[in-house]
Structures are given as structure tokens and as C-alpha cells.
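Observations on the three-dimensional arrangement
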Amino acid sequence: MNLIIVLPIIVPLLFAVIMLFFWKNIKAHKILNVIASICSLAVAIILISNVNTLGILALQVGSWQAPFGISIVADLLTSIMVLITSVIGLATAIYSLGSMDEQREKFFYYPLLQFLLMGINGAFLTGDIFNLYVWFEVMLISSFVLLALGGKREQLEGAIKYVTLNLLSSAIFLAAVGILYGIVGTLNMADVARKIPFVEEKELVTVVSFLFMVAFGIKAAVFPLFFWLPASYHTPPIAVSAIFAGLLTKVGVYALIRVFTLIFIQDTNFTHTVLLVIAGFTMLTGVLGAASQNDMRKILSFHIISQIGYMIMGLALFSPLAIAGAIFYIIHHIIVKTNLFLVSGVVDKMKGSFNLKKIGGLYRYYPLLGLLFLIPALSLAGIPPLSGFWAKFVVIKAGLEIDQALIVIVALVVGILTLFSMTKIWNEAFWKDDPKGNENKIIDSFSAIKLSKKVLMFSPIIILALITIIIGFNAEPFFNFANNAASQLLNPSEYISKVLGL
Amino acid sequence: MLNLIIIGFFASAFAPLIYKRTKKYFGWIAASFPLYMFISFILKYNEIASGKIIKEAISWIPSLGINFSFLLDGLSLTFVLIITLIGTAVFLYAGSYMKNYEHTGRFYLYIGVFMTSMIGLVLSDNMITLFVFWELTSISSYLLIGFNHHKESSRKSALQALLVTGGGGLALMAGLILLAQVSGSFEISALYDIHDKIVSSKLYPAVVILILLGAFTKSAQFPFHFWLPNAMEAPTPVSAYLHSATMVKAGIYLIARFNHAIGGTVIWQDTILIAGTITMFIAALLAFNQTDLKKLLAYSTLSVLGTLTMLLGIGSNLAIKAFFIFLVAHSLYKGTLFLVAGIFDHKTGTRNVSMLGGLKKLLPVTMTAALLASFSMMGIIPLVGFIGKETVYSSILEVENFRFLLLALAVISNAFVVMVTILVGIKPFFGKLLPTLKPPQEAPVKMLIGPILLAVFGLLTGLFPNVFIQKLLDRSTISILAEELGITVKLWHGFNYVLLLSFVTLLLGIGLYYFRKQILQILENLSLSNYLKPSFWYERILNGTLSFASLQTKILQNGYLRYYIIFIIITTLGLTGYTLFKISGIGSLDITTDLTIYELIIGIIIIASTFLVITSVSRLKAIVAIGVVGFCIGIIFILYSAPDLALTTFAIETLTVILFVLVLYRLPKYLQFSNPGSKIRDAIIAASVGIFMTMIVLLVTAGEMQSELKKYFAEASLAEGKGRNIVNVILVDFRAIDTLGEITVLAVAAIGVYALLKLRLKEGDK
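Residues numbered from 1 in each chain as written. Chains lettered and ligands numbered in written order. Predicted model: local features only at pLDDT ≥ 70, side-chain atom pairs only at ≥ 80, totals over all residues. Heavy atoms only, no water.

What to know about the overall build of chain A
A count of helices and strands for chain A gives 22 helices and two strands. Across its three principal directions, the C-alpha atoms of chain A cover 75 × 55 × 40 Å. Every one of the 502 residues in chain A was classed for burial, and the buried ones make up 73%. Summed over its atoms, the accessible surface of chain A is roughly 13,600 Å², and 67% of this surface lies on carbon and sulfur atoms. The positive charge centre, built from 32 side chains, and the negative charge centre, built from 24, are 10 Å apart in chain A. (Helix = DSSP H or I, 4+ residues; strand = E, 2+ residues; numbered from the N terminus. Buried < 20%, exposed > 50% of the residue type's maximum accessible area, 1.4 Å probe, protein only. Areas by Shrake-Rupley, 256 points an atom, 1.4 Å probe, with all protein chains shown as cover. Lys, Arg positive; Asp, Glu negative; His and termini not counted. Charge placed at Lys NZ, Arg CZ, Asp CG, Glu CD.)

See below:
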């Protein structure tokens, strides 16, 4: 009955392949993509409820007993990540129906989306460190093609930087896997975790852990490895930016959490202190980067980095509350960040630009759009009682509990700077009068968009905003969940025994 | 209480809709909402006055200890009554004042949210719930200050207020978390029994500083005073309500609320005393060269806020009594005067005091309210302001240290306030009628009810203090000091020292008014306002942060891929290298063991070809050299008896070289870009990476690898996997899902190549 675990990988693959059979039939692609997203959501819901009731689930692919085959594992963290991925997948699927251009749709935009989701789910679900590498490759190639699809100069420039730096991450990751295998002789993460304590050369393990830290750190876009993100995220169509912004870096964060709670817990004094330093600089450089930008997408991109810092801070503090905070943060962040990108896409369609210097006057005529921006924006800035407040609150509380005053101060200062940049977008795009004058309320191409398409663009925004509000007002179940997930991570024995069938 | 708050938020949310239907009468409808709240709470007056404390709690996030717990005692009831009473006046007033504005519906939404949050703030017994409302008041204040958002100055002031109060808010949050860490609970009422434990904790100084940072920013205490005068960009009803009567008192409320639980120490009392005294004095001085009605009122508000803080800092029984009376008095008279200033603005077209005069016949009702409020503000008997000022002085007279300094500063500050009052509340009505932009006329009823209501309240409270405030005073002081004062409020204390001080203040103030031009000259010569220029530091910090931000971003995100790669590699080397050199076996690594002559030769060939690749200026040569490296690796596979891998490698290498050569002809001529310096740098980095990886591999292979996998694969491959080639069985069976992933990668890559070749959108396309 554990077959459900593997479905989040199979469903997107299956639908992507079916779509390819329809070649360039856009209509079929659109319908299939929405069906695929709904199926994925259903699968994810079943998975999370199963994990919630039955505990950690593991499946040995091909029935090869672990650690000889590959294990697919779902614990609470995995299942919530899979669930949010499917939510974002569905939101993007619907938004794309309203906003994606026909050219890209013809050139396999929708199958590529499903391949990307397959890679992401695979990365969350795998219990094998080399298999994780494979899913990273699937993610990388699909995201690269999505990024470059359209072939505009700006896109290619971003895509080249993206792919080069991510290949560097892959190379380091692969080297690290090889070395790890050389040390413990196994690739199954549960098995690795079981064997690591018996390795004589502890420092060698620490060296490997840093290789993993760099490889995943590049993926997670932490300081000083984040360059690929601001170089590329503002170039593709906004639906693509939105799904990237929500999910890609979080796979890196997930991988960091996984290996630094399961495997590399030998020398936490050292490794997790390094993580803490990284977290602080990530928060700070990210938010300062955002403060210096005028393009909405670039501001939002730099904020991803800054927010990743908070998640890493939770991991680095390494207390139950802190890890729970990191998980809560991830949940909140994915929803909010995707939504902000989606809103910025609508702004661009209305005003013809992402550049804050060139647009304005939106609030006057479109107060509801203003509200739909303010909800995720204030949530991101940590204003209560929205989801972002609780996320920040828990992480900061965790930091104060273990006397890490410095990182808490950084987190607080970054909080106020985040508020600054969110109000900057609000100020320029919404409050300020349109520099082109009020006659030009919205550009013609937006008025020409059919109402049904507008509905398709707005409905995911509204739903994601509602989720933010629900998490904010009803934080208890979410926080409880994060707490349970954290305690699973910090007591890896259940994970190990379920995977290895001990 | 929770239901009232929920009703409040819902009612506010529907304000824009209702406004659209009922435009003309909306002021009345809106005012009924705070009035309803006022009545609901006044009904609880008897219970509270008799000493009861009403509590209510619903759990919210119990696993974090966060609950909707509310507590109604004397202190919170006083604040709620002030909030709702002035709310009623302001909501009604705004119905007329805001009628020519765009988006009046949104205005009521924000101010409704504000009022509800403010009520929530003063009722909360849970620190985090309190904080949630605290932040909501900051946000609604932001939206209200920036209400005229087409003006740049409005937007800037709104942002300034938000950043200052928001920053303080974050400090407050940290302070509350620390406090709860000491007390073990977020409930404020749980703090009272463990005062000694809190005060003796090592976290105590941090708690005090952080909580006071929150309070001082919100209540605009020095050095955070500058945002309040700038907040006057808001429409006048907002200034009257948020930035004079209610929100700016939230910080003071917080100090009062926590005083009993964490106060009474030197650090607490002195910090509050000093900040309050400085604010009181500086704000009074800064008011001097203002001519704008609202700015004048803002600075006098600041001065009063300073006084209130100072009184909390003194902390004696008498000072708390003075605090309470002064708080009530100020809310009433300042609310009135702001509304009057709004009437001037609306009905004459100017807010400049030097352009107003002789309006007494034209605006008689306004004048009545204004004069009542002014007399209260100047401390003239029989208004409540008189009692306020008297008790302030008598409490200062009780202070032991620096008594005369405090007294002198208080008298001077109050004299300045008297001068401001004359300018704002009295001068415009008397003297010669000055020409104005609009023909002056009396304000409509909606705009008059509010100021009159508040002014009359001020008079009645002064005349019958035992009816209006005695009981609330008793109950509030219990909340603040945990003991009953047993002091009765009286209007008349007889002829004494304090009365003399009040009289001196009044005379001084009148003197300041008459000689204000000469004094202004002196002050300008001292260029005092330059030193104290309110937002000097704010701008410095903001601009400094922004320039630093763009500088660091230019350095980090510089656009050059090569630097990105260098950053990443150096990080990798730094992180791993440090640990690597701690490994004990690192010195004794022996690379010569088991080295055969074949391996050595192949190694040398690989290294030599690599050098050829990087030094060659011909692309063809470089590609051939790469091919050589690949073939050598293939030979290594043969040496380690893996002929199938070797064959695959040979095939791939051959193919790659051929493909490269084919592509070569299409490429432009090879150009040398890098200078010698960067070449050396790159060489060092590359060599370090190589050496470093080699060392790790050597270290890893130094020990015998123990793997069950090898053995298992060897045994199970044929038996269970039905294949003799172990590698094949691993790929298609044991680890089939890896292969599935890799096939997917190839398929996606194929799609990508196809799409990139075929699809070229033009730059203009979306």
C-alpha cells in the first residue's frame, strides 16, 4: 500500500509523456496540465494524511532490500513539501492558462513544467543520496529549458549563468557523493546515517559535510553562493519565475535540512555554527540587494535570498523549536513568494513594465489589486497576524532561547529592511501617481485580455492570499505540524529503522 | 471583548461598501460604531469601579502560549473610553471633513481598523496578542499618514513613521519574548507575582531596553521624536485621533501596564525619566519657530508625551496620579484643538497661524470649543487641565534628586505650551480680521459636535473630578502601582506653592507669546533647530544604508560569471580546507604505494595534455589534447579491469572530439581576453582545487573500504537480477529509478535543444 509514496514522481512523468504524444496540440496540453496538477494535489493530500496517521513511510523500489536498491521515503517534512509543491504547481498551471504566450505553449511549456515538478518531488522523496543527485539533474535541465524557452537575449544571458553555476553545484555534489561513498560504502541516506558515527576519521566527515553544504548551498542560494539567482530569475515569463521562486531554492534548503539533521550531526558545534554565520550573511546581503533594486522582479528575487537566511538560521540553531521554525518558514515562504511574483506579473500586464520608476497609480483605480499585493507583501515583511509573522516569531524565539543574540539582532534588522522594500514597491507602483500621467490608466493590451483570462490570472493570487491569511489566523495546526516534523528530524532513529526495515 | 473586536474588524471591512450607498449620512453611521463601543464599555464601568477585573480568554496558538486573553481593569477601561469617545467625535467630524476627498470609504476602513486594533491593544493580557494589535496600529497609521498618497511628502512621512515604529516594534517583540522566557508565560497578569524573579534575572536589562525601545518609538520619545511632526501629513481627523489622542499613547500605556510587573528598578525608572524629560523640553523648544497649526499642536503633543513619560519615570504615588489626570486632560483638549485646526483649514483655506485672526464673530461655536480646550491646555481653573498641571508640579516637588532642574524644565516647557495654545486656540479669533483664501464661515454640525463634546467633557471633568475620574483613577493606579493611592482629586487645593507655579507658568507663556519674535531671533542665532533637526539621523541612517546596499550589491552581484565561479570555489576551498588541514594523517600521505609504471606514465600524459589544453592558442590543438585526456582515463579503466567502461569512454571521447571539430569551423577566431595577472590568479585557484581534491581522495582511499554493496551486487546480480554484467544490472534493476531520471534528463534536453533552435521570440514580445 506504500505505492502512494512514489506517485508524486510518477504522476507528473506520466502526464508529461502523454502531453508529448499530443506534440504541439496546446489545448490538450492545457487540459492535461491542469488535470495533472489536480491529480498531484490529490496524491499529495493522501500522502500527507497517511504519513500523519502511520508515521514515516518507506518504499524499496523494485523490492530490492535497502540499502542495496533505492528507497523512497516520506516523513512529515517530505510530505508537506510535496503538498506545497502540488499547490504551487496547480496555482502556476492556472495562472499560466491566463498569462502564457502561445509560442512558448507550443514549444512544450506544459510538459516541461511537469518534468520540473517530477524532479522536485523526486528530490523530496528520495532516500538515496545519489538518487537525489539524479533528481537535481532532472530539475536543473527542466528549469534551464524553461528559463531559456523563448530564446530572448536577456533570457539566454540569465540561463547561461544559471546553468553554469548550477553545474558547478552538481560537480561538487557528485564529488561529495563519491567521497562519502568511499568513506561509508553506502548511498542510502539512512544507512549512511547509521554508519557515520563509526567512521574513525571524524574530520574527513566534516570535510565532506562542507562539500555538501556548498553544493546544496548553491541550490539554496545562500551567501556567498547565490549569484545565479538574481542573474536569472527576472528573465523568464512571470509564471516561470513564480514557480522557481517558490520551489527551486527550497529544494536546496530541504536538502540542507535533510543531511544536516540526519547525516552530519557529528560536529554540530562547528558545522552548524558555520551555517549560522552563512544564515546571517544571507539574510543581510539578500535584503540589501533588494534595497538597491528598482525592478520588481529583482527586488523579489533578492528577497528570496534574504528569506532563505531565516530558514538556514532555523536549521543552524538546531533546537526543536528552531527546526520547527525553519519548516514553518518554508511553508509560509513558498506560498507568499510565489504569490508576490504572480501579482507583479499582473502589474506588468497592466502597466507594461516591472520598473518601479516607470509605473504608478495602481492603488487609485485598483484597490483590490492593492489588497492582493499587501497581503503577501506584509506577510513577507512579518507583519502580524499574517503567516510571515509567526514564521519570524518562532525563529527569533528559538534564537533567543539559546542565547544567540547576534543572529537575532541581524534577523530583526533584516525584518525592518524587508518592510522597507515591500513598502517601496507599494509606494512606487501603487501609491505614487503614474509618471506617464493619469490618462494612461492601464495599457491597451491588458484591456484587450479576455475576462476569462483575467479570472484565470487572479484566482490563484486570491487563493494563495487566502492561504496566507489562514496560516496566519489559524497558525496552531501548522505550527503543531512543523513541531512534529522537527521532532522526526531530530530523532532520526525512526527514519533509519523504517527505511532499513530494522 | 473578543466579539467586540471581531465586530470592529468586520464593520471596518464593510465601510467602503456602505459608504458608497450612503455617502451623505455616512458620518453619522460611522460615528454610531465607536459610540456603540463606548456604550458597551461604559456599561461595565460600575463593575470595574467596584474593583472587579474582567477577564476573557480563548486559546489561539496554545503550543506557543499565545492566547486571545483580554483583561479589563481601570487602566484599560480608561484607555478604551478615551479611544471610543474621541473616536465618536472624530468619525462624525470626518464625515464632513473628508467629503471632498477621494476614497473616503477606504479612509473609514483604515481608521476603523485602527480603532479596533487600539482597543485590542489596551485590552490584551497576552503579550503577543498585544503585539499583534500594536503592529496593526502601526500599519493602519502608515496607510492613514500616506492617505494623500499622490503627494511625495505624505508617502515619505508615512514610511518614516512606519520604519521608526516598526523598528521599535521588532525590538519590543524581542523584549517580550525574553520577558516570557524569564516568566515562563506570555500572560501579563502572570507577571505580577514574580516581580522579584524578573528583576533579578540576568536578562532583565535587555528586557527593559527592548521594551522601552518599543514604547519610546511608538510614543515618539527622544531621540525618536521626529516622526510625529512629519505625521501631520495625514488628514486632520487622523492627526487628532491617532497622533495626539490614542496611538502615540500606546507606548505610554505599555510602560504603565508593565510598570508594576517589571518596573521599580533604577534602570527602568531613570531611563524613562530621562527620556521623558528631554522629550518634554526639546519638543517645547522646537515648537517655537513653527507657524503651521498642526505642527504647533504636534510639538506640544510631543512635549506632553514627554511629560507623561517623565511622570511614569518619577513613579511616586503622586506622579502616577498626575500622569492619569494629565493623560485624560490632554486627550480631551488636544483632540478638540486638532479638530478646531481642521475647521480653520477647511473653512479659511489656511493652517498658517500668522494668517488667521479676528474670526470670533464668524466662527462663534468653534471659538467656544477652542477657548474651553485652550484654557484647559494652559492650565486655567476650572478646567481639568488645571488639575493636571497642579498635580504635575506637586509630584515634581516631591522628587529627591534634581528637583529644581526638573521643576525648571517643566515650567519652561509648560510656558512654551501656553504660548502654543495662545497661537492656536486664541489668537485666530481675536484682533483684526485677516484676509483668508476662502471666505470664513462656521463649520457644519457634524464638524462641531466633536470639538464641543470633548471640550465640554474637559470642563465637566474639571468641575466634578470625583464624579468623572476619581474611581477610574483609583482603579488605574492599582493597575500601575499595585496599590491604592487613597488620594482624592480636587479642583481647588487652596493658595499654595503649586498654585504659584501655575501662575508663573501662565505669565511666562504669555510673555513668550508677546516677545516671540525677539526670542525667535535669539534662538535662531543659537541655531538650535539645526542641532536638533528632527530627522537628521533618520535620513543619515536611511541614506547610508541605501548607499551601502547598492555598493555591496555592485560588488557581489557584479554580473561577471567568472567572478561568481571564483567566489564559489574560494568558499568551497575555505570551508573544507580549514578542516582538511586538521586531519592528522594529512602529512603522512603516501602516493607512491602500489603505483605501477603504467599508471605513472598515464598520469604524466594526462597532466601534460592538460597543460597543453590551457596554454594552447589553437582551438584544434586544445580539443585534441582534451581527447587525449579522455582516452587516458579510458586506459585507466582497462588497468582496473573494467573493459566495458573503457569502451564506453572511448566511444564518447571519439564522438566528442569529432563533434567539436565540426563545430570549430563555425566559431569566430580565438581571442585572448585575460591578462597575465588574472591568469596567475586562475592558475592558483585551479591548482588549489586540484591538489585539494586529490588529497581528499587519497585520504578516503587510504583506508580499506568496507561495503556490503559490492558483495551483494556481485552475488545477487545473476541470481536475482538475471544478468552477468553487474554494471548493467545495477543500472537497469538495482538502481533503475536513477536511470529513469537520467533518461528523463536526456528527453528534456532534447526538447530543450529543439525548442531553443526553433523558438526565437523577438525582444518586444511578451
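Focus on the overall build of chain B
Helix and strand counts for chain B come out as 33 helices and two strands. The C-alpha atoms of chain B give 38 Å as radius of gyration, which overshoots the globular expectation for 766 residues (27 Å, by more than 25%). Dimensions of chain B along its principal axes, counting C-alpha atoms only, are 115 × 60 × 55 Å. The contacts of chain B with a sequence gap of at least 6 include a subset with a gap of at least 24, amounting to 78%. Surface exposure of chain B reaches about 33,200 Å², of which carbon and sulfur atoms provide 69%. A gap of 16 Å separates the mean positions of the 56 positive and 38 negative side-chain charges of chain B. (Rg over C-alpha atoms; globule rule 2.2 N^0.38 Å. Contact = heavy atoms within 4.5 Å.)

Details of the domain arrangement of chain B
Splitting chain B by domain gives domain 1 (1–263), domain 2 (265–491) and domain 3 (707–766). One C-alpha centre belongs to domain 2 of chain B, the other to domain 3 of chain B, and the line joining them spans 79 Å. (Domains from an automatic or database assignment.)

Examining helix α11 (residues 236–245) of chain B
Residues and elements named next belong to chain B. Taken across its 10 residues, α11 has 10 buried, putting it largely inside the fold. Restricting attention to buried positions, one finds in α11 the residues T236, P237, V238, S239, A240, Y241, L242, H243, S244 and A245. At its buried positions, α11 is contacted by α4 (74–97), α5 (104–123), α6 (127–145), α10 (227–230), α14 (293–314) and α15 (317–348).

Some details on the pattern of salt bridges
One pass over the full model with this rule turns up 22 salt bridges over all chains. Between A:R194 and A:D191 there is a salt bridge, with its nearest N and O atoms 2.7 Å apart. Taken together, the residues A:R194 and A:D191, both in helix α8 (residues 189–195) and three residues apart, mark about one turn of the helix. Note on A:R194: relative accessible area 33%, which makes it partly exposed. Between A:K498 and A:E494 there is a salt bridge whose closest N-O contact spans 3.4 Å. Highlighted residues: A:K498 and A:E494, both in helix α22 (residues 493–500), separated by four residues, approximately one helical turn. When its relative accessible area of 29% is taken as the criterion, A:E494 is described as partly exposed. In this structure, a network of salt bridges that share partners links the residues A:D191, A:R194, A:K195 and B:E708. (Salt bridge = Lys/Arg side-chain N within 4 Å of Asp/Glu carboxyl O.)

Details of the confidence of the model for chain B
Parts of the model with low pLDDT should not have their predicted coordinates read in detail. In this model, chain B carries an average pLDDT of 88, and 96% of its residues clear a pLDDT of 70 or more. Here the complex is predicted with pTM 0.94, and the ipTM for its interfaces comes to 0.93. (pLDDT = per-residue confidence, 0-100.)

Focus: the interface of chain A and chain B
Of the residues lining the interface, 116 residues belong to chain A; the matching set on chain B comes to 100 residues. Summed over both sides, the interface of chain A with chain B buries roughly 9,900 Å², with 76% coming from carbon and sulfur. Taken as a group, A:W64, A:F68 and A:W431 account for 9% of the area that chain A buries against chain B, more than any other trio of residues on that side. Scanning the region where chain A abuts chain B turns up three salt bridges. Between B:E102 and A:R364 there is a salt bridge, with its nearest N and O atoms 2.9 Å apart. (Buried area = accessible area lost by both parts, 1.4 Å probe.)

Side note on helix α6 (residues 129–148) of chain A
Residue and element names in this part refer to chain A. The end-to-end C-alpha distance of α6 is 29 Å, a good match for the 28 Å that 20 residues give at a rise of 1.5 Å each. Burial within α6 is extensive, with 19 of its 20 residues counted as buried. One or two residues past the end of α6 sits G150, with phi positive at roughly 120°. (Expected span 1.5 Å × (residues − 1).)

Quick notes on the nonpolar core
Ranked by size, the top nonpolar core spans 474 residues in total, and within it A:W390 and A:F393 carry the most contacts. Leave out the neighbours within four places in its chain, and A:W390 touches A:F328, A:P385, A:I471, A:G472, A:A475, B:W60, B:I61, B:I66, B:I128 and B:V132. Counting residues in each nonpolar core, the second largest holds eight residues, with A:W64, A:F68, B:V729 and B:F734 among its members. (Core = buried A, V, L, I, M, F, W, Y, C linked by side-chain atoms within 4.5 Å.)

Focus on the packing of α4(B) against helix α21 (residues 470–481) of chain B
Residues and elements named next belong to chain B. At a closest axis distance of 7 Å, the pairing of α4 and α21 adopts a crossing angle of 125°. Comparing the axis directions of α4 and α21 gives the class oblique. On α21, the residues touching G74, L75, L77, T78 and L81 of α4 are L472, R475, S476, S479 and I480. Considered class by class, the residues forming the contact of α4 with α21 number five nonpolar, four polar and one charged. (Axes fitted to C-alpha atoms, helices over the stretch in contact; angles between N-to-C directions. Parallel < 35°, antiparallel > 145°, perpendicular 65-115°, else oblique. Nonpolar A, V, L, I, M, F, W, Y, C, P; charged D, E, K, R; others polar.)

Considerations on the packing of aromatic side chains
Residues and elements named next belong to chain B. Within this structure, the stated rule accounts for 64 aromatic pairs over all chains. Both rings, one in Y19 and one in F26, keep their centres 5.4 Å apart while their planes meet at 90°; by these two values the pair is edge-to-face. Of the two residues, Y19 and F26, neither departs from the other in class, the shared state being buried. Taking 5.8 Å as the distance between ring centres and 80° as the angle between the ring planes, the aromatic pair formed by F457 and F468 counts as edge-to-face. (Phe/Tyr/Trp six-rings, centres within 6.5 Å; stacked < 30°, edge-to-face > 60°.)

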